[in-house]
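Next come the chains, spelled out residue by residue.
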Amino acid sequence: METEHFDVIVAGGGTAGVAAAVASARFGAKTLLIERSGCLGGAATMRNVVTFCGLYTLGETPTRVVGGIADDIIARLRSEAAITEPQRFRGVFVVFDPETLKGVLDDLVIEANVHVMSGAFVCDARRQEGRLQELKVATHGGLRTFSADAFVDCTGEGDLSAFSGASTRYGNNAKVNEGSMATRFGGIPSDITVTADDVAQAITKANFHLSDVTKNRSVIIRLPRSGDMVVFLASEDYDPRDSFSMAAAEQRARRQTRNYLQAIRTIPGCESAHLSESGPEFGTRESRHLNCRHQLKWSEIETRTTFDDCIALGAWGSEWHERSTHQSSFDYPPDKAAYHIPFGCLHSVDTDNLFCAGRLADGDRKAGAAIRVMGAAMATGQAAGLAAAMEAQGSWTVGELQSALLSQGAVLNYSNSR
Ligand SMILES: Cc1cc2nc3c(=O)[nH]c(=O)nc-3n(C[C@H](O)[C@H](O)[C@H](O)COP(=O)(O)OP(=O)(O)OC[C@H]3O[C@@H](n4cnc5c(N)ncnc54)[C@H](O)[C@@H]3O)c2cc1C
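What you see is a predicted model, and the numbers here were worked out from it, not measured in a lab.

Conventions used here
Residues numbered from 1 in each chain as written. Predicted model: local features only at pLDDT ≥ 70, side-chain atom pairs only at ≥ 80, totals over all residues. Heavy atoms only, no water. 1 Å grid on protein atoms, 1.4 Å probe; cavity = no way out; pocket = protein on both sides within 12 Å on 5 of 7 lines; lining within 4 Å. Points joined across faces, edges and corners; volume = space filled by probe spheres on them. Helix = DSSP H or I, 4+ residues; strand = E, 2+ residues; numbered from the N terminus. Nonpolar A, V, L, I, M, F, W, Y, C, P; charged D, E, K, R; others polar. Salt bridge = Lys/Arg side-chain N within 4 Å of Asp/Glu carboxyl O. Buried < 20%, exposed > 50% of the residue type's maximum accessible area, 1.4 Å probe, protein only. Domains from an automatic or database assignment. Contact = heavy atoms within 4.5 Å. Buried area = accessible area lost by both parts, 1.4 Å probe. Expected span 1.5 Å × (residues − 1). Arc of directions from axis to C-beta. Axes fitted to C-alpha atoms, helices over the stretch in contact; angles between N-to-C directions. Parallel < 35°, antiparallel > 145°, perpendicular 65-115°, else oblique. Left-handed = near helix turned anticlockwise from the far one by under 90°. Pairing = 2+ DSSP bridges. Near = heavy atom within 4 Å. Polar contact = N/O pair within 3.5 Å; in protein donor to acceptor, adjacent residues only side chain to side chain. Areas by Shrake-Rupley, 256 points an atom, 1.4 Å probe, with all protein chains shown as cover.

Caption draft 1: Representation of the layout of surface pockets in the model. Considered as a void within the structure, the second largest pocket measures approximately 190 Å³ in volume. The wall of the second largest pocket is formed by Asp 198, Gln 201, Ala 202, Lys 205, Ala 206, Gln 262, Ala 263, Thr 266, Ile 267 and Pro 268. For the lining of the second largest pocket, the secondary-structure elements that each account for two or more residues are helix 6 (196–206) and helix 7 (243–264). Tallied by class, residues from the lining of the second largest pocket come to 5 nonpolar, 3 polar and 2 charged.

Caption draft 2: Region of the structure containing the pattern of salt bridges. Counting across every chain of the model gives 22 salt bridges. Of the charged contacts in the structure, one is a salt bridge between Arg 252 and Glu 236, with a shortest N-O distance of 2.7 Å. With Arg 252 in helix 7 and Glu 236 in strand 13 (residues 229–236), this pair connects stretches of sequence that are 16 residues apart. Of the residues examined, Arg 252 reaches a relative accessible area of 33% and is grouped as partly exposed. Residue Glu 236 is classed as buried on the basis of its relative accessible area of 8%. Across the salt bridge formed by Asp 352 and Arg 293, the nearest N and O atoms sit 3.0 Å from each other. Here Asp 352, found in the loop between strand 19 (339–342) and strand 20 (354–356), pairs with Arg 293, found in the loop between strand 15 (288–290) and helix 8 (298–302); they are 59 residues apart in sequence, far enough to count as distant. Sharing partners across several salt bridges, the network here consists of Arg 36, Arg 47 and Glu 281.

Caption draft 3: Summary view of the domain arrangement of the chain. Assigned domains of the chain: these are domain 1 (4–173 + 286–416) and domain 2 (179–278). Averaged C-alpha coordinates put domain 1 and domain 2 at centres separated by 28 Å. Contact residues are listed per partner, giving 27 residues for domain 1 and 21 residues for domain 2. Here domain 1 packs against domain 2, burying approximately 1800 Å² in sum over the two surfaces, 57% of which is carbon and sulfur. Three residues, Asn 48, Arg 323 and His 326, lead the burial of domain 1 against domain 2; their summed loss comes to 35% of the area buried on that side. Here domain 1 is connected to domain 2 by 1 salt bridge.

Caption draft 4: Representation of helix 4 (residues 98–111). With 14 residues, helix 4 should cover 20 Å at 1.5 Å per step; its first-to-last C-alpha distance of 20 Å lies within 8% of that length. Within helix 4 the residues assigned to the buried category are Pro 98, Thr 100, Leu 101, Val 104, Leu 105, Leu 108 and Val 109. Each buried residue of helix 4 lies within a common arc of 165° when the element is viewed along its axis, so the set occupies one face. Facing away from the buried side of helix 4, by more than 90 degrees, are the exposed residues Ile 110 and Glu 111. Looking one or two residues past helix 4, Asn 113 carries a phi angle of roughly 65°, positive in sign.

Caption draft 5: Summary view of the packing of helix 10 (residues 374–393) against helix 11 (residues 398–407). Their axes nearest at 10 Å, the elements helix 10 and helix 11 cross at an angle of 125°. With respect to helix 11, the axis of helix 10 lies oblique. Like other packed secondary-structure pairs, helix 10 and helix 11 cross with a definite hand, here right-handed. For the pair formed by helix 10 and helix 11, the contact residues are Gln 382, Ala 383, Leu 386, Ala 387 and Met 390 on the first element and Glu 400, Leu 401, Ala 404 and Leu 405 on the second. When grouped by side-chain class, the residues that make up the contact of helix 10 with helix 11 number 7 nonpolar, 1 polar and 1 charged.

Caption draft 6: Main features of the sheet that holds strand 11 (residues 179–186). Within the open sheet, the 4 strands sit side by side as 12-13-11-14. Their pairing is antiparallel. Each having just a single partner strand, strand 12 (220–222) and strand 14 (274–278) make up the two edges of the open sheet. Neighbour to neighbour, the strand axes of the sheet diverge by 35° on average, direction disregarded.

Caption draft 7: A look at the site of the ligand. Within the structure, the ligand sits among 31 residues, and Glu 35, Arg 47, Thr 51, Asp 159 and Arg 372 are positioned closest to it. At 2.8 Å from an oxygen atom of the ligand is found a side-chain nitrogen or oxygen belonging to Arg 47. A distance of 2.8 Å is found between a nitrogen atom of the ligand and a side-chain nitrogen or oxygen belonging to Asp 159. In the complex, the protein chains occlude 98% of the 1000 Å² of accessible area that the ligand would expose alone. Listing elements by their share of the shell around the ligand, those giving two or more residues are helix 1 (15–26), strand 3 (51–53), strand 7 (121–128) and helix 10. If you tally residues by element for the shell around the ligand, the top one is strand 3, at 3 residues. Of the residues assigned to the shell around the ligand, the class counts are 13 nonpolar, 11 polar and 7 charged.

Below, the structure is given as structure tokens:
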């Protein structure tokens, strides 16, 4: 088959990838979005990660720090009563209905004229003289090749970047956030309140062996429409780049979910609980990162460093899930306030026309664990998609990128946060 050419190709259709593709197409670029699964949304729709974090600051009066395409997504979810008002656990987040989100993201890419492939796995790429030239996609119709003037890697796993030979790394200094299989339980009446303490006590009382369940505490989320309860308990140490390792982790985690169900059924009011969905995919929090022109450091967040090339505001804390102990920790940003995310951490260090967003954005161990959440992913996605569209047009500056972002409703400075 002939190689088809696009202005911009976005690999991966999670929250970052959808924002990147829509921003690029709205700027006028002929844009291809390649997704390996059967719907858009990534973790939000395929891994039961049903809370947008990073949209609001974490202090007493939460301020909205992400706008642009996130505004469109939230407004559409709200019009279908499929999103809650902000709630607080360690941070501030909104809960949404993942089935409604699938349709909202479809509508957004269709309206923006994004060309979308699903069931399409980016499996190879060619890079020459510091520029990405083309990529290969495995489909049920065989291998297809596409070229573009600029690329955005939003695969979360860094597949496009790594397969092309661009500089990447796995985790940070041999540390990688642990993954968890989100699990959804139905059959719990909506007037029954279940707290993190209730679940922790039920698991402790069940007296499982350590290898039967890995954690006993998680945020407890109730979905806006079904009332289903979502928990992030079953956690495993695996390597997402190795399919054998993944399969073994999935098998162990699904075994854990049956034990958790047994414990939850002992909570008063939860006797009829049933397992609605495990995963379906394992929730990989961290894998590869693209090595970029700037690596955001936690020390820069702590000192609220201002960057001239700021393209988004972050608000989430450093949320670390330790593999060796299955314990998690949360460090707040200073004053629970917003901080700058610079464009440099979205631009490949050695490949001029390669950008990234979402989980791949370049941060050190603690900063990476803060800017990976979906609120920030929508903001970095929008910035990376616009940068790619401008790169495809020819010469451009970061100042022009910032102006284009502002005209698309993005929030770039503390004074226009809401
Ligand atoms: C258990 C868990 C709990 C979390 N809790 C929260 C939370 O409460 N709130 C929050 O905001 N964030 C949370 N996060 C983090 C958040 O889910 C991710 O950081 C976020 O989804 C990143 O968005 P993304 O678009 O970069 O990646 P993803 O959502 O992972 O999307 C990547 C997309 O790329 C596709 N893809 C991958 N490889 C290829 C390939 N080779 N070819 C084609 N397509 C490909 C995938 O199918 C997927 O659709 C959690 C994560 C986990 C795992």
